[in-house]
Amino acid sequence: MAITKDTRTDLIELAVIATNSSPGTTLLAELIAHVEAGKTLVQIGDALAARAEFKATYPAIQTADEFAKEYVGNLLPEASAELAAECETIVAAHVNAGKGLGELFVAIHGVLDTDTSAALATHVANYKNKAAVAEYHTVTLETASESSSVLASVTSNPLTVATGKSAADGP
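Residues numbered from 1 in each chain as written. Predicted model: local features only at pLDDT ≥ 70, side-chain atom pairs only at ≥ 80, totals over all residues. Heavy atoms only, no water.

## Notes on the layout of surface pockets
Threshold: Two kinds of site are reported from a 1 Å grid over the protein atoms alone, namely cavities, where a 1.4 Å probe fits but cannot get out, and pockets, open sets with protein on both sides within 12 Å along at least five of seven lines, and residues are called lining when an atom falls within 4 Å of a point. Grid points are joined across faces, edges and corners, and a volume is the space filled by probe spheres set on the points. The helix count covers DSSP runs of H or I at least four residues long, the strand count covers runs of E at least two residues long, and both are numbered beginning at the N terminus. Each residue gets one of three labels, nonpolar for Ala, Val, Leu, Ile, Met, Phe, Trp, Tyr, Cys and Pro, charged for Asp, Glu, Lys and Arg, and polar for the others, Gly among them.
Space inside the largest pocket adds up to approximately 310 Å³. Considering the residues around the largest pocket, the lining is formed by 14 residues, among which L76, C87, I90, I108 and V111 are closest to the centre. Counting only elements with at least two residues in the lining of the largest pocket, the list comes to α5 (64-75), α6 (81-96) and α7 (101-114). Of the residues forming the lining of the largest pocket, the biggest block, five residues, is contributed by α7. The class makeup of the residues in the lining of the largest pocket is 13 nonpolar, one polar and no charged.

## Here's the deal with helix α2 (residues 24-36)
Where we set the bar: To estimate the expected span of a helix, subtract one from its residue number and multiply by 1.5 Å. In this scheme, a residue with accessible area under 20% of its type's maximum is buried, one over 50% is exposed, and one in between is partly exposed, where area comes from a 1.4 Å probe on protein chains only. Working definition: the arc comes from the directions between the helix axis and the C-beta atoms, pointing outward to the latter. Any two residues whose heavy atoms approach within 4.5 Å are treated as being in contact.
End to end, α2 covers 18 Å across 13 residues, agreeing with the expected 18 Å (1.5 Å per residue, within 8%). Among the residues of α2, G24, L27, L28, L31, I32, H34 and V35 are the ones counted as buried. Buried residues in α2, looked at end-on, bunch into an arc of 150°, giving them a common side. Where α2 is buried, its residues contact α1 (5-19), α3 (41-50) and α8 (121-140). Directly beyond the C-terminal end of α2, a positive phi value near 90° is found at G38.

## Describing the packing of aromatic side chains
Counted only if it meets this: Pairing of aromatic side chains requires ring centres within 6.5 Å, counting the rings of Phe and Tyr and the six-membered ring of Trp. Pairs whose planes differ by under 30 degrees are stacked, by over 60 edge-to-face, and all others tilted.
Under the definition given, this model contains seven aromatic pairs. Here the aromatic rings of F54 and Y58 are separated by 4.8 Å at their centres, their planes lie at 45°, and the arrangement is tilted. Taken as a pair, F54 and Y58 share a single burial class, namely buried. A centroid spacing of 5.9 Å and a plane angle of 65° characterise the contact between F54 and F105, whose relative ring orientation is edge-to-face. Pair noted here: F54 is in helix α4 (residues 52-57) and F105 is in helix α7, with a separation of 51 residues, a long-range link. Three or more aromatic residues joined by ring pairs make a cluster, and in this case those are F54, Y58, F67, Y71 and F105.

Here it is, written out as structure tokens:
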């Protein structure tokens, strides 16, 4: 079964949301295999959260509040203290309710992919810029390895997309 461009983009965006990194072709191929096996985006999000790389960033020793603080800080680096606190409360409540992280990632994807409100414009731009650089790194350059460093300098400023792509191009 051939993967569509839209599905491939959704998988890259899900990886950016879950891991704050570009997936690279190796991980993207794994995610595509999940799609071909009939798994949902929620199940694929759970698979991302089960990976050693995710657990290295968010170890099982963290409380729900500690996880929420670190995750929201990575996901929304330009958030005000007020917005960050509100999002941390939502993430911690999700975790404390025993819900899977895949469900959380897919819900976040839905918001960041479709929200056009002024209140979230900076964060949507940050996410879309990171997704654009991740797609360049993974699809255009066909880089095998995952990379958080290519997204490290990407912000809501559209000019940082070029910076991220330069980082992906390497020295």
